[in-house]
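# Understanding the architecture of this molecule
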Amino acid sequence: MSKALSIKTHLAERFEQQRIVVWHDPDGSYAAELDSHATTEVIVLRAENDEFAIKYRVLRAEPDSKFLIYRQGALVGATGNWLLDLELAYGIFTADRGALMQADLGLTAAGSSGLVDGHEKFFCDTKLIAKFKELLRPDDDFTKVQAKMCAVVLGQKEHSFSELTRTLLVQHAADGISGYGALLAQRLTDFYWGGAAKIYGYESESPSVAGFVLWMFKQARDGFETTTSNSARNIEIDFRSFRDSMRSANAVKQLARQAEIDLDYAQQAVESTYSELVATDIFDIGEKEIIRRLIEGIGAQTMSARDVAETIRSRRRESVWFDDYAKLYAALGAAAELIPAIRSARLNVSSFDEGLIRYRDDLFRVDQLYRQYTSASQSAEFKQPLEALNEQVENAYVTDFLTQLGMSWQKQVDQVEQWKSPAINSQTSFYDRHIAPLVRGGRKKAVVIISDAMRYEVADELTSKIRGENKYDAKIEAMLGVLPSYTQLGMASLLPHKTLAHSESGDPVLVDGRPSNGTANRSKILAAVGGSAIQAKDFLKMKPVERRDLYGANQVLYVYHDTIDATGDKAVSEHRTFKAAADAIDELIDIVKKLANANATNIFVTADHGFLYQESKLAPQFNLTVKPQGDKVVVENRRYVLGRGLKTDDAFRHFLPEQVGLSSDLEVQIPNSICRITKPGAGFQFVHGGASLQEIVVPLISINKGRSDTVEPVNVDIHPESDKITTGQIVVKLYQQSAVTDQRPARKLRAGLYFGGDLISNEPELLFDAESSEGRDRFQSVRLLLSKDADAANNQGVEFRLSEPIEGTDQWKKYKSAPYTIKRSFTTDFDF
């Protein structure tokens, strides 16, 4: 827009509101072109010492006409200014750029007169002006106008001081200059630092973003106690908001890592008590110190598993650093349970049946904790802190558990004459006991998922996770696996059969005289009962309609899944066995869901066998130096031998085929305890085929999907101690009604104070995840700090509100609330 056009436009806008405009042009710059700026219906009058005549004409002679009264020279004082009453009534029009811009933007707030001249670069930028104009409102005061200028310069719409500061922190963490540099170029830094002094209490002779960051973290370190009360509350509220928001959390954490160095917090962390450390989460190095002390306490057994679990739970709820060390914390939680569990375990087994029952009910948990610890430690964010604990855990597990349990259990294996037990059902009876009654007469259908080498403890975790899926129910039981405990025989035992037998060379295993190796042969066996078999990878590739057709076409469907054994049974990949177990759990849940979506209701998940695994190399005494001998050794594996006329040896337990339920002439020998037959090129960590409890206690999970909801997060109650708020903060007690279980998972909530629809406090996130059955252990307290917006609610009712996330969105909805009344005397600092 040209200057001439701009002047004409502004004059036209004035004349739409009034009929008289007094134009003051001190140096007469527009005298020559004056007439061109007025429209035809406007009469132009030049004041040339005839002010009284002009007044008479415009007010008396022609009271309905429009007049542009033009004056040159210096402004005349009140005394002797015959046009003063007109100037006061209609204002004075000036054609300088600042005044035109001010008028164009509608900047009428007191103090705005010098704004354009003071920020010439800003007001010469058409893009900034366009964005600025969008933000302006008629009632904006001068402070708000400047705040909105800052917002535009920083590339945002939010103009509150906290949001301006958030952006400066984020950009400072990214490149150290861009945001502040932009404010500096637009001469807006004095305004910003003035706000920092009044709102936060930050004052400096040479203010800078770096200096403010260091000051902010000092306040946080000292508990926000070193500034005046209102400013302390303001910076504490905003500091927590900066750290809790996804928009700025990573930036603030990055700044914290530098601040902890500048403040030499490492020394303070070392000198702090444990309770002081866990009461804060300001610095990363503090989190590391907590982890170091947990490792010490677990290793020395000076901290109970309960205390460790409570610390981890509180860090998960309250620490912004928790996610950075989640795997480390998972490892510590497992180790805290594992070491005392091993030390307190009763490993002397008095009978074969007792050994099976005790492993099913209790001892399997040690294997599970060892796997969970090992998996977490291997994937931990920082492995070095766990080196000593790794060694302690490994020694405890291998020496004090695996070895001792193996020797005790071996005594019972040596005495058993028939490989069966009244304590738990045999794997060989699976089809007759569980599938045949369901499908008999075509009444119902059944699906069996067989996961190769999924041992009992892995299945227990899978069961728990399935129960955590809404509308699903899952129950686990144990079966006595076949011997030898290897894939071909285990898979065959789960098929419908009358007899099982080894073929001439051991494999394939014969089911009622028919080979059972491979999916095709198993489908032929299942065809006799209206069923078929499919590999899991092929099932997953199907489209939903194809899966429904497959399920509908079969009375019985066997799905073969192979992730654990495929990884562990190879020397090059056996070290990833526990990772494979975690993957298998996820894959099996996916398969179960897809089967349910294909209308399957009776789903069973089981395995062919379990496995032994340890991270460390096998001690020399467990590597057998003797070789199996006999008339003919047909198969020699690390954990079993098949042959004819096998010679007895104290290093092996010898079974005739009929003792292990086989209808062939191949005898079986199993190395004692956890011993292995040395095989060149074979791995040492993952083995199966033997008679250890880990190998032969086979899981069976029965799964049903219903129509009713089965999963609901724990409920939380509000327990107000008063309904009055008389200070700048409030502490509210909250109670988790029940312990967290598979089907009562943790509940995440936000807590805040609301006045109508406006949040007037900080709004922290809370996690209710207590697993204790004791009610006193399930209380939490939340501390809310009132913001300056709470001033408007004084002596009025407000709402303490708990909100819960809306699944699949970033939105929240009200969960529960309680009424409060604010009654306090105070003064507060301004905001933008």
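This text follows the structure it describes.
Residues numbered from 1 in each chain as written. Predicted model: local features only at pLDDT ≥ 70, side-chain atom pairs only at ≥ 80, totals over all residues. Heavy atoms only, no water.

## Some points on the nonpolar core
Note that soluble globular proteins tend to have their nonpolar side chains buried in a common cluster. To be explicit about the condition: The definition of a nonpolar core used throughout is a set of buried Ala, Val, Leu, Ile, Met, Phe, Trp, Tyr and Cys residues joined through side-chain atoms within 4.5 Å. We call a residue buried when its accessible area falls under 20% of the maximum for its residue type, exposed when it is over 50%, and partly exposed in between, using a 1.4 Å probe and counting protein chains only. In this analysis, two residues are considered to be in contact whenever any of their non-hydrogen atoms come within 4.5 Å of each other.
Counting 203 residues, the largest nonpolar core has Phe-217, Trp-419 and Tyr-558 as its most contacted members. Every residue in contact with Phe-217, bar those within four places of it in the chain, is listed here: Phe-239, Val-252, Leu-255, Ala-256, Ala-259, Leu-263, Ile-282 and Phe-283. One finds Ile-730, Leu-734, Phe-768 and Val-782 within the second-largest nonpolar core, a separate group that totals 26 residues.

## A look at the sheet that holds strand S9 (residues 506-511)
The criterion, for reference: Strand pairing is assigned whenever DSSP identifies at least 2 bridges connecting the two strands. Runs of E in the DSSP output that reach at least two residues are strands. Runs of H or I that reach at least four are helices, and both are numbered from the N terminus.
Pairing within the open sheet is antiparallel, and its 3 strands lie in the order S8-S9-S10. Among the strands making up the open sheet, the edge pair consists of strand S8 (500-503) and strand S10 (514-515). Pairing between S8 and S9: 4 bridges, direction antiparallel. Directly across from His-502, in S9, lies its bridge partner Val-509.

## Observations concerning unusual backbone geometry
Going from Leu-483 to Pro-484, the amide bond is cis rather than trans, its omega being 0°. Cis peptide bonds are those with omega within 30 degrees of zero, and the linkage from Asp-507 to Pro-508 qualifies with 5°. Tracing the chain through its elements places Pro-508 in strand S9. Backbone geometry places Ser-673, a non-glycine residue, at a positive phi of 50°. Considering the arrangement of structural elements, one finds Ser-673 in the loop between strand S19 (667-671) and strand S20 (676-677). The exposure class assigned to Ser-673 is buried, which follows from its relative accessible area of 9%.

## Section: the state of the cysteines
By definition, a disulfide links the sulfur atoms of two cysteines through a covalent bond. Which entries qualify depends on this criterion: Put simply, a disulfide is two cysteine sulfurs that come within 2.5 Å.
Scanning the model with the defined rule gives 0 disulfides in all. Here Cys-124 is not disulfide-linked; the sulfur of Cys-150 is the nearest cysteine sulfur, at 18 Å. What makes Cys-124 partly exposed here is its relative accessible area of 46%. In this structure Cys-150 comes out as buried when scored by relative accessible area, which is 0%.

## Some details on helix H27 (residues 544-552)
Just so we agree on the cut-off: Directions from the helix axis toward the C-beta atoms define the arc.
Restricting attention to buried positions, one finds in H27 the residues Arg-547, Leu-550 and Tyr-551. One side of H27 carries all its buried residues, which in axial view fall inside an arc of 95°. Those residues of H27 that are buried lie in contact with strand S6 (446-451), strand S11 (531-535), helix H26 (536-541), strand S12 (556-561) and helix H29 (577-597).

## Describing the packing of helix H9 (residues 161-175) against helix H11 (residues 189-200)
Under the convention used in this document: Axis definition: a line fitted to C-alpha atoms, limited for helices to the stretch in contact. Angles are taken between N-to-C directions and run from 0 to 180 degrees. Handedness of a crossing is defined here by the sense of rotation of the near helix relative to the far one, left-handed for an anticlockwise turn of less than a right angle and right-handed for a clockwise turn. Note on residue classes: Ala, Val, Leu, Ile, Met, Phe, Trp, Tyr, Cys and Pro are nonpolar, Asp, Glu, Lys and Arg are charged, and everything else, Gly too, is polar.
Between H9 and H11, the least distance of the axes is 11 Å, while the angle of their chain directions is 115°. For the pair H9 and H11, the sense of crossing is left-handed. From H9, Phe-161, Ser-162, Thr-165 and Leu-168 reach across to H11, where they touch Tyr-192, Gly-195, Ala-196, Ile-199 and Tyr-200. A per-class count over the contact of H9 with H11 returns 6 nonpolar, 3 polar and no charged.

## What about the environment of Tyr-56?
Structurally, the position occupied by Tyr-56 is in helix H2 (residues 51-61). As for Tyr-56 and Ala-818, which are separated by 762 residues in sequence, their C-alpha atoms are 70 Å apart.

## Section: H11
Each α-helix turn comprises 3.6 residues. Residues three or four places apart therefore point the same way. Selection rule: In a helix, the anticipated span is given by 1.5 Å times the number of residues less one.
With 12 residues, H11 should reach 16 Å at 1.5 Å per residue; the first-to-last C-alpha distance of 16 Å fits that figure. Buried residues of H11: Thr-189, Phe-191, Tyr-192, Trp-193, Gly-195, Ala-196, Ile-199 and Tyr-200, and no others. Of the residues flanking the end of H11, it is Gly-201, one or two places downstream, whose phi is positive at about 90°.

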